[in-house]
Amino acid sequence: SAVISQKPSRDICQRGTSLTIQCQVDSQVTMMFWYRQQPGQSLTLIATANQGSEATYESGFVIDKFPISRPNLTFSTLTVSNMSPEDSSIYLCSVEVGGGYEQYFGPGTRLTVT
Amino acid sequence: AQRVTQPEKLLSVFKGAPVELKCNYSYSGSPELFWYVQYSRQRLQLLLRHISRESIKGFTADLNKGETSFHLKKPFAQEEDSAMYYCALGAGGFKTIFGAGTRLFVKA
């Protein structure tokens, strides 16, 4: 298993600004994921972040808007850049453990853009 | 196309009644399927996975490849089962696709 923490837990930001979300894991993991969960909707994968390589983005998400860092095996950041109200969402970090698809999730960061 | 469908947004049952949360998938390969649960004010967590064929908190789910389904069942619902349930498909390259979720409400 893995225990994941995220900072901040929530924030209210003005449009046009950027927010960096941190994800910390209590053990070393290879695969980390960033998801977005918009109000009333399911989880949508933004990108997969592996240590030592560039993040892999899903269709509809680009590095300029959502730059990701993965400096080591226990930490990652997601930046939401040039925010608009449409970016208001819960952002979730997760890690894969065990070599399969089983994931452990962080508590999420609730972002509101005004 | 790879897809997970949960047709019910909300399911309301009485305590002690059987409950079935439906999940259908579309995937060309050999699927790996999961159920995740999110209780109020808690983080999303894995409930069960089809490869382990286990029962967790009285819940079971059987993979039916013919019907491309992975429905979650429990014979006697409890109030503490009230939560949001997500069906998920391992879709290759460690990518997971989540269904839209079903909110289960168990009434006293």
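Note: the structure precedes this text.
The following refers to the structure shown. (Residues numbered from 1 in each chain as written. Chains lettered and ligands numbered in written order. Predicted model: local features only at pLDDT ≥ 70, side-chain atom pairs only at ≥ 80, totals over all residues. Heavy atoms only, no water.)

## Concerning the interface of chain B and chain A
For step 1, the next point in the chain: Opposite the 19 residues of chain B that make contact, chain A presents 19 residues.
For step 2, the next point in the chain: For the pair chain B and chain A, the two sides together bury roughly 1700 Å², of which 55% comes from carbon and sulfur.
For step 3, the next point in the chain: Looking at the side of chain B facing chain A, the largest losses of area belong to B:Arg43, B:Phe94 and B:Phe98, adding up to 39% of the total buried there.
For step 4, the next point in the chain: The tally of links from chain B across to chain A stands at 2 salt bridges.
For step 5, the next point in the chain: Linking chain B to chain A there are 9 residue pairs in polar contact (both at pLDDT 80 or more).
For step 6, the next point in the chain: Elements supplying a minimum of two residues to the side of chain B that touches chain A: strand 5 (32-38), strand 6 (45-49), strand 9 (83-90) and strand 10 (96-98) of chain B.
For step 7, the next point in the chain: If one sorts the elements of the side of chain B that touches chain A by residue count, strand 5 of chain B sits on top with 4 residues.
For step 8, the next point in the chain: Across the side of chain B that touches chain A, the residue classes tally to 9 nonpolar, 6 polar and 4 charged. (Contact = heavy atoms within 4.5 Å. Buried area = accessible area lost by both parts, 1.4 Å probe. Salt bridge = Lys/Arg side-chain N within 4 Å of Asp/Glu carboxyl O. Polar contact = N/O pair within 3.5 Å; in protein donor to acceptor, adjacent residues only side chain to side chain. Helix = DSSP H or I, 4+ residues; strand = E, 2+ residues; numbered from the N terminus. Nonpolar A, V, L, I, M, F, W, Y, C, P; charged D, E, K, R; others polar.)

## Thoughts on the pattern of salt bridges
For step 1, the next point in the chain: This model, assessed by the stated rule, comprises 6 salt bridges over all chains.
For step 2, the next point in the chain: A salt bridge links A:Asp87 to A:Lys65; the shortest N-O distance between them is 2.6 Å. Here A:Asp87 is found in the loop between strand 8 (75-80) and strand 9 (89-96), whereas its partner A:Lys65 is found in the loop between strand 6 (56-57) and strand 7 (68-72), with 22 residues between them in sequence.
For step 3, the next point in the chain: Its salt-bridge partner being B:Glu20, residue B:Lys73 comes within 3.6 Å of it at the nearest N-O pair. Taken as a pair, B:Lys73 in strand 8 (residues 72-74) and B:Glu20 in strand 3 (residues 19-21) lie far apart in primary sequence, 53 residues in all.
For step 4, the next point in the chain: The class for B:Lys73 is partly exposed, based on a relative accessible area of 42%. (Buried < 20%, exposed > 50% of the residue type's maximum accessible area, 1.4 Å probe, protein only.)

## Details of the packing of aromatic side chains
For step 1, the next point in the chain: Counted by the stated rule, this structure contains 9 aromatic pairs over all chains.
For step 2, the next point in the chain: When the ring of A:Tyr35 is compared with that of B:Phe98, the centres are 5.6 Å apart and the planes differ by 85°; the resulting orientation is edge-to-face. With A:Tyr35 in strand 4 (residues 31-37) and B:Phe98 in strand 10, this residue pair bridges two chains. Summarising the burial analysis for this pair, A:Tyr35 and B:Phe98 share the class buried.
For step 3, the next point in the chain: Measuring from ring centre to ring centre gives 5.5 Å for B:Tyr36 and B:Phe98, while their planes differ by 55°; the resulting arrangement is tilted. You can see B:Tyr36 sitting in strand 5 and its partner B:Phe98 sitting in strand 10, a full 62 residues away along the chain.
For step 4, the next point in the chain: The class for B:Phe98 is buried, based on a relative accessible area of 7%.
For step 5, the next point in the chain: Here a set of aromatic residues connected by ring pairs shows up, and it is made of A:Tyr35, A:Phe105, B:Phe34, B:Tyr36 and B:Phe98. (Phe/Tyr/Trp six-rings, centres within 6.5 Å; stacked < 30°, edge-to-face > 60°.)

## Re the side chain of A:Ser89
Residues and elements named next belong to chain A.
For step 1, the next point in the chain: With respect to the element layout, serine 89 can be found in strand 9.
For step 2, the next point in the chain: Taking relative accessible area as the criterion, serine 89 reaches 4% and is therefore assigned buried.
For step 3, the next point in the chain: Among the polar contacts made by the side chain of serine 89, one reaches the main-chain carbonyl oxygen of glutamine 37 at a distance of 2.9 Å.
For step 4, the next point in the chain: Here glutamine 38 takes part through its backbone nitrogen, which lies 3.3 Å from a polar atom of the side chain of serine 89.

## Let's talk about unusual backbone geometry
For step 1, the next point in the chain: Residue A:Pro8 follows A:Lys7 across a cis peptide bond; omega there is -10°.
For step 2, the next point in the chain: Positionally, A:Pro8 belongs in the loop between strand 1 (4-7) and strand 2 (10-13).
For step 3, the next point in the chain: One non-glycine residue, B:Lys57, lies in positive phi territory at about 55°.
For step 4, the next point in the chain: Inspection of the secondary structure puts B:Lys57 in the loop between strand 6 and strand 7 (60-61).
For step 5, the next point in the chain: Phi at B:Thr68 is positive, roughly 45°, even though this residue is not glycine.

## Observations regarding the state of the cysteines
Here a disulfide denotes one covalent bond, and it connects the sulfur atoms of two cysteines.
All names here are of chain B.
For step 1, the next point in the chain: For the structure shown, the criterion picks out 2 disulfides over all chains.
For step 2, the next point in the chain: Disulfide pairing is shown between cysteine 23 and cysteine 87; the S-S distance is 2.0 Å. As the torsion about the S-S bond is roughly -65°, the cysteine 23-cysteine 87 disulfide counts as left-handed. A residue pair is termed long-range when its members are at least 10 positions apart, and cysteine 23 in the loop between strand 3 and strand 4 (24-26) and cysteine 87 in strand 9 qualify at 64 residues. (Disulfide = S-S within 2.5 Å.)

So far we have only geometry, and geometry alone does not tell us how the molecule works.
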